[in-house]
Amino acid sequence: MAKTLDTAGAACARLKDWLCRSKFNRSQPYGIPVSIYSNQPFSSQDLCELDRLAELHDFASLVTVEEGQPFISHIPVLYSRSDDVIVVAGHLARANRQAKDGSQALVVLHGPNAYVSPSWYPDKVERSRVPTWNYAVAHLTGTLECRDDDQWLAEHVGTLSERHERRAGGSWAFDSEAESERSMLRGIIGFRLRVRKFELKLKLSQNHPNANRQSVLAYLAKGNEAAQQVADLMRRSLARISD
């Protein structure tokens, strides 16, 4: 497969225009416009960081537009990547109007986020620093391929439940041989989204001098779980700069 993944460029402000249109802008590559605002210091093409974000934050927002109206579902997804081929799989209630084969779609992976106090900056007085927010987010765009066959749905639900039961310390497993459980598949429709474009934004104080970044990292490392995850992202980012 030819390399088709690309990242956000200069036209990032098109999200507002996109939401106001009757359908996705067909003149853009793959029928999807750039959909995330991200100036250069924060845009990333790091597929390994995308993998990490998808592993830890796999409860996603699925966005489609129909006749000018955006529709959004919040669902768990399964992410997989082989080289530059990324696939996101999920399922929707059968009655959900987003469950349409061939629909252009955006999947948003919401990574960790944390408040950054200006009091943490060594140069806070002379530079008149203000509050901000550090975070990670990914936008994955492509075309929905709906799946309605029992075997695919059973495998998908089985894999998804096994993943989250393991995380939760539970022991429930989907039994595809039990009619009482298999009949529940009739209420859902699965989908695959082969990602044609990914946009990864890692806002980690890259626009600040190193002393400020080190200070923010130290404060976040003492915060809650989300703040610590942002600190980990900052630590890796700073390590790449020093390499």
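Cut-offs applied
Residues numbered from 1 in each chain as written. Predicted model: local features only at pLDDT ≥ 70, side-chain atom pairs only at ≥ 80, totals over all residues. Heavy atoms only, no water. Helix = DSSP H or I, 4+ residues; strand = E, 2+ residues; numbered from the N terminus. Buried < 20%, exposed > 50% of the residue type's maximum accessible area, 1.4 Å probe, protein only. Contact = heavy atoms within 4.5 Å. Polar contact = N/O pair within 3.5 Å; in protein donor to acceptor, adjacent residues only side chain to side chain. Arc of directions from axis to C-beta. pLDDT = per-residue confidence, 0-100. Core = buried A, V, L, I, M, F, W, Y, C linked by side-chain atoms within 4.5 Å.

Colleague: Explanation requested: the environment of Lys201 in the structure shown.
Modeller: Examined against the element boundaries, Lys201 turns out to sit in strand β8 (residues 188-203). Since its relative accessible area comes to 6%, Lys201 is described here as buried. With residues near it in sequence (within four places) discarded, Lys201 still touches Ile36, Tyr37, Ser38, Phe42, Tyr135, Ala136 and Val137. In terms of polar contacts, Lys201 uses its side chain to reach the backbone carbonyl oxygen of Tyr37, at 2.8 Å.

Colleague: Sorry, what's going on with helix α2 (residues 47-56) here?
Modeller: Three or four residues apart is the spacing at which side chains of an α-helix point the same way, because the helix has 3.6 residues per turn. Among the residues of α2, those classed as buried are Leu47, Glu49, Leu50, Leu53 and Ala54. Relative to the axis of α2, the buried residues are bounded by an arc of 155 degrees and lie together on one face. The N-cap of α2, judged by a side-chain oxygen 2.9 Å from the amide nitrogen of Cys48 a few residues on, is Asp46.

Colleague: Quick question: what am I supposed to make of the confidence of the model for the protein here?
Modeller: Here the protein averages 87 in pLDDT, while 85% of its residues score no lower than 70. In the predicted structure, residues 1-32 sits below a pLDDT of 50 and forms 69 contacts with residues beyond four places in sequence or in another chain.

Colleague: Just checking my understanding: could you explain the nonpolar core for this structure?
Modeller: Most often, soluble globular proteins keep nonpolar side chains buried together rather than apart. Counting 40 residues, the largest nonpolar core has Leu50, Leu62, Val107, Leu109, Leu140 and Leu220 as the members making the most contacts within it. At the level of elements, α2, β2 (59-66), β5 (85-93), β6 (104-116), β7 (132-147), β8, α5 (210-220) and α6 (225-242) are the ones that each hand at least two residues to this core. Of the residues forming this core, the biggest block, seven residues, is contributed by β8. Setting aside chain neighbours within four positions, we find Leu62 in contact with Phe71, Ile72, Ser73, Ile75, Leu92, Gln98, Ala105, Leu106, Val107, Leu144 and Phe191. In this structure, Ala154, Phe174, Leu185 and Ile188 belong to the second largest nonpolar core, which totals ten residues.

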